[in-house]
Structure formats: C-alpha cells, structure tokens
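# Coordinate inspection notes
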Amino acid sequence: MLDKRYFLYERLINTLPTVCSAQSSSQHLTSFWQFSRHISNKMSQKKVCIVGSGNWGSAIARLVGVNAARLPDKFHPEVKMWVFQEQVEGRNLTDIINTEHENVKYLPGRKLPENIVAVPDIKDAALDADLIIFVIPHQFIKRSCSPLSGKLKPGSQGLSLIKGFAILPEGGVKLISEVIESEMGIPVSVLMGANLANEVADEKFCETTIGATDATVGEDFKLLFQTPNFRVTVVDDRHTVEICGALKNIVACAAGFCDGLKMGDNTKAAAIRLGLKEMIWYGERFYPGGNLATYLESCGLADLITTCYGGRNRKVSEAFVRTKKTLGELETEMLNGQKLQGPETAAEVNFLLKKEGLEDQFPLFTTVHRICIGELKPEDLVESLRSHPAHL
C-alpha cells in the first residue's frame, strides 16, 4: 500500500506546477501538502523490535511501547517483541501476552502497552526492524539470533542491554556488543544503568546511560526510552558503559558474600570501593582511551550501588553463604528462570586475567571467581580486601 502511495506522491510532485497554474487553488495545495506530510511520516517511521521478553525485556517494553505510540513521526506504533515460546498453565506465553497484555511469568502484575506484539519466530519479529533491542542472556545470543545473521534490514541499528562478556574459542574475551556486531553485521550501541527491572516497571524514578558512537543514533534511542521517570544520558564512550554493566555483577557477588557473612556495612563499602577500582583498572588495561567520567554516570557508580544492595547477584550470593547450597540450586530456587550473571562473568574475566598473568592485580575479581567455583571459602574474601594492591 505504501509503495502505491509513494508512486502517487511522485506523480503529484511532477504535476504540481500544472495543477497550480490551472486552478490556482489553495485548497488543492493544502490537500497536497497534507498528503505529502502523511507519506513522509510513513516513510520516516522506524520499526522497533525487542529481542527478549524476560523480566528486564518486559520492563523496557513498557517504556518503548508507550514512546513508540506517542511519537508516530519517529516510530512505527507497533513494537514486535520476540518471545521464546513457553507453556504457562497450558497456554502459549505469546498468546497470553497478546490477549492479556501481561507477561505473567516474568513480569506479573504489570500491564504491557497494547501495541507490544509478542512474536514466537525471531525472523518475523526482527527482519524488517530499523531499531533492534537485544535483551536476552548473553550465552543465548548466537543460538537465538543465528536465523537473523546476514538478513537484517540494511541500515538497521542495534542496542544491547545485555551484561557480560563472551569467551572466544581461540582465547580471550569479547564485549557482547562486539559479538552482536560480528554475528548480525550491524552497528550496536549499549544501554546500562541503575535499573532494577521491577522498579523500572513500577515507574519509579531512575537514570540510565546509552553509549553510542553515532550521536544521531544515540538520540533516536533516547527518544525511544526516555520518560519522566526514566532519564537517559547519551555518551560516546560505548566500551566503558558496557564494561561497567558487566563487571559490577562480580562486585555484587562480593557484596552478597559480605552480607551472608554478616560483616557489616563498613566491610561491604570497602568491597564496593575496591571493586570500582578494579573496574576502572580493567577498562584502562583492556579498553584504553575511555573517559574516567563515564564511571560516574548511571552505568557506573549508580548501577554498582544498586546491584550491590538490591540485585539478584547480591541476593543469591548472600544465600550461598547462609544456606551452603550450590549457586546452581539457588538460581533455580530464587530466580524464576532468570540467569545468575555474576559467577559467569567472573569466570569470563578470570579467563583473560589468568591468560595475561594479572590475577594478583585484580584480587577481588579473582577471589570472587575462586569462591564461586569452590576453590576458596567466602571467608577468604576479607583477606583479599585486606591485602589489596590499592592499599600499597
């Protein structure tokens, strides 16, 4: 239908001088420009897709759905959300979302905008999208997104909300945005911040950070996400934004161990401070050229504080100390199908630190990893804080 309208649009442009000279009618001009504006809006609307529908994916769908409907000059009002098909009480989760407008499994009790459309086939959801938001556990990226590889719309842009690193088969680690870029063949920006999903869904005030090397793309994503209670800052320091989003989960495990050991707020504060030190050292060592001020944005210090007091990694790590259960058991019991990110990120980071002979320079990261795999006891964390190189 749009192609036919565009063809008519071209014909009208070509015949406009004749029409005007023959009739000199302001009515015809008004009709023409109204039609022109309608076609221009249709052609400039960006289609949006959300890849993922867990707790965080569903929370941001509330923001994106509202803004897509609110800004028809910028975005197509329908937002497709890829949902891994599951059965909930004998019904397809996609059917529940599309009829009841609620993700009853991962975000119960909060309604989704009616323009959010759950789609079980990732190709149907994403292939015609201009803006693609990736919000799935990072270990599932290749498997879930492989049907899209090399097939996405020319000029499309990605935004990763995924925290963590990928271990490369040949050795080393890679940022998730870089994995998506290489797999999908599109530029990828990142969004990280002090954004606990349930609080965002409940519209409690918070901030976030978008890292985008293209300022225009960053502003598009800002328009798509920003609301009166979800304030967005755009910076061009993409790598630092993403590093913060991954590494803070390791520090959150250390904070949880402190809570489980009942070490008190002073010890926990020391763990957070030294954890931030190691985050900065890691960025300077492996991604030089970043801006130190980025660590003071929501993606850095604010997200670190929130995660170390209210996030899932802290909660499970505290329970790990108190219950003596394995992290795998606690993940199953406590997270309702969500993934525990801290231990896996600690393993990914340790893979690189060990390869580079840098474990001693990052004692908090190293100790958290060794506690998670059973080589050390949670009580050993305090010694790594006591002898930390920041004190030398």
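Overview of the structure. (Residues numbered from 1 in each chain as written. Predicted model: local features only at pLDDT ≥ 70, side-chain atom pairs only at ≥ 80, totals over all residues. Heavy atoms only, no water.)

## Digging into the pattern of salt bridges
- All told, the structure shown has 21 salt bridges when counted by the stated rule.
- Linking E375 and R370 is a salt bridge whose minimum nitrogen-to-oxygen distance equals 3.1 Å.
- Taking the relative accessible area as the measure of exposure, R370 reaches 32% and is therefore partly exposed.
- In this structure, R386 engages E383 in a salt bridge whose closest nitrogen and oxygen atoms are separated by 2.7 Å. With R386 and E383 both in helix α17 (residues 381-386) and 3 residues apart, this pair spans about one turn of that helix.
- The exposure class of R386 is exposed, given its relative accessible area of 54%.
- Here E383 falls in the partly exposed class, since its relative accessible area comes to 40%. (Salt bridge = Lys/Arg side-chain N within 4 Å of Asp/Glu carboxyl O. Buried < 20%, exposed > 50% of the residue type's maximum accessible area, 1.4 Å probe, protein only. Helix = DSSP H or I, 4+ residues; strand = E, 2+ residues; numbered from the N terminus.)

## Quick word on helix α14 (residues 327-334)
- Turning to α14, its buried residues number three or more, namely L327, L330 and E331. Each buried residue of α14 lies within a common arc of 105° when the element is viewed along its axis, so the set occupies one face. Residues T332 and E333 are exposed on α14 and point more than 90 degrees away from its buried face.
- Of the surrounding elements, those touching the buried residues of α14 are α13 (312-323), α15 (342-356) and α16 (363-372).
- Of the residues trailing α14, N336 is marked for its positive phi of about 50°. (Arc of directions from axis to C-beta. Contact = heavy atoms within 4.5 Å.)

## Looking at the packing of helix α11 (residues 265-286) against helix α12 (residues 298-310)
- Here α11 crosses α12 at 140°, and the two axes come no closer than 11 Å. Considering the angle they form, α11 stands oblique to α12. α11 and α12 meet at a crossing whose hand is right-handed. Across the interface between the two elements, K268, I272, L276 and M279 of α11 pack against L301, L304, C308 and Y309 of α12. (Axes fitted to C-alpha atoms, helices over the stretch in contact; angles between N-to-C directions. Parallel < 35°, antiparallel > 145°, perpendicular 65-115°, else oblique. Left-handed = near helix turned anticlockwise from the far one by under 90°.)

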